[in-house]
Amino acid sequence: MRYVTHSAFHVVEADADEMSEHDAKTPAQVELFKPRQRISVEDRHYAAGRYSVWNGRCHSGMKVALAGAPDAYVLYLPFSGAMETDVGRHRVVSTATTGFFGDISRFEKLVLQEDRSHIGMAFEKSAIIQQLSELLDGPVTDSIEFASTVDLTTVKGSRLAALGTLVWNCLDVDDADQLSPVAIERLFQTMMTVLLEVVPNNYMPRLIRPVSPAVPRRLKRAIEYMYANVSRAITVADIAREAGTSVRALQASFQQFKTTTPLNYLRIIRLEGARKALADDANSLSIADIARNCGFSHMGRFAAAYYEAFGETPSETAKMCWSEAKKRSVAE
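The following paragraphs examine the structure supplied in this document. The structure presented is a predicted model; accordingly, all values stated were derived computationally and were not measured. (Residues numbered from 1 in each chain as written. Predicted model: local features only at pLDDT ≥ 70, side-chain atom pairs only at ≥ 80, totals over all residues. Heavy atoms only, no water.)

Tracing the backbone through its elements, the reader meets Leu-266 in helix α9 (residues 262–278). Distance in space between the C-alpha atoms of Leu-266 and Val-236 is 9.8 Å, their sequence separation being 30 residues. With residues near it in sequence (within four places) discarded, Leu-266 still touches Met-226 and Ile-234. (Helix = DSSP H or I, 4+ residues; strand = E, 2+ residues; numbered from the N terminus. Contact = heavy atoms within 4.5 Å.)

Next comes the structure, spelled out in structure tokens:
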């Protein structure tokens, strides 16, 4: 992770054009609540690799129309005031007791009421995907959908807010007192883990890891056939035939016991196989050979699917494995 960078600003009695110009790095248009209104805001901001955190206060209130926002998830932990966020046709309200977590690329407008203050955090999507993949010990095959608000008065919600404050306090110090980049990254990784466990999302059932019911014999046969033929182009009909069942029954069985489709499960097997091979320091195959051995015939589509599933590219996985192997060799 790159070292932490710091920025701060304090704007007093600015008009909408001056405020929009100040925020020129982020495509946004500031709007006023009233004609000839003056805007006063202050903000301290820290960026650390794929993460950033800021402490902001809007004294006067303002509207911010967004366009072309970054591909990231953003968390708001409020201290005071209210903020309204337009996400498609829905408006989400964050108050002093309600946090907000969502995909900023879907935001259309933020409305910050007078004396709104909060800690904000942004996480690149690839970082969230990578963290989720590590928790699942497998690929992330569907987009992550979060419920947008968090009740900060609950036990879990209050712990999330406390952790967010801790992250801020560890960064908002003199350079000499700041933690190492490794420690800071671990803090953000912990924050992402807590978000995935506390903010309702479509992966929660898999994160909770309930005890699975006994898998039917034919479903086991289907999965065994997939593993045995992972490099071949096989169809649902092929899998059903080898398992001794119909396509419809096979699909229903996968949905009931694996909460996915047969072909999506096969895709998971292939991605997991590729990641295992790339992370094996004894492996001497090229990335292209590994992809082909795992049933991927198109390198571009393989690289895109791998990045979506694990939050890093195949070459980054291989490079990390090589680096760890080199460290072990030096230590020995």
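What follows picks up the thread again.
This paragraph deals with the side chain of Ser-133. Counting through the fold element by element, Ser-133 comes out in helix α2 (residues 125–136). Taking relative accessible area as the criterion, Ser-133 reaches 4% and is therefore assigned buried. A polar side-chain atom of Ser-133 sits 2.8 Å from the main-chain carbonyl oxygen of Gly-138. Other than its neighbours up to four places away in sequence, Ser-133 contacts Gly-138, Pro-139, Val-140, Ala-309 and Phe-310. (Buried < 20%, exposed > 50% of the residue type's maximum accessible area, 1.4 Å probe, protein only. Polar contact = N/O pair within 3.5 Å; in protein donor to acceptor, adjacent residues only side chain to side chain.)

Attention shifts here to the packing of helix α6 (residues 217–228) against helix α7 (residues 236–243). In the contact formed by α6 and α7, the axes pass within 8 Å of each other and the chain directions differ by 125 degrees. Between α6 and α7, the crossing angle belongs to the class labelled oblique. Classified by chirality, the crossing of α7 by α6 is right-handed. Contacts between α6 and α7 pair Arg-218, Arg-221, Ala-222, Tyr-225 and Met-226 from the former with Asp-238, Ile-239, Glu-242 and Ala-243 from the latter. Among the residues forming the contact of α6 with α7, the class breakdown is five nonpolar, no polar and four charged. (Axes fitted to C-alpha atoms, helices over the stretch in contact; angles between N-to-C directions. Parallel < 35°, antiparallel > 145°, perpendicular 65-115°, else oblique. Left-handed = near helix turned anticlockwise from the far one by under 90°. Nonpolar A, V, L, I, M, F, W, Y, C, P; charged D, E, K, R; others polar.)

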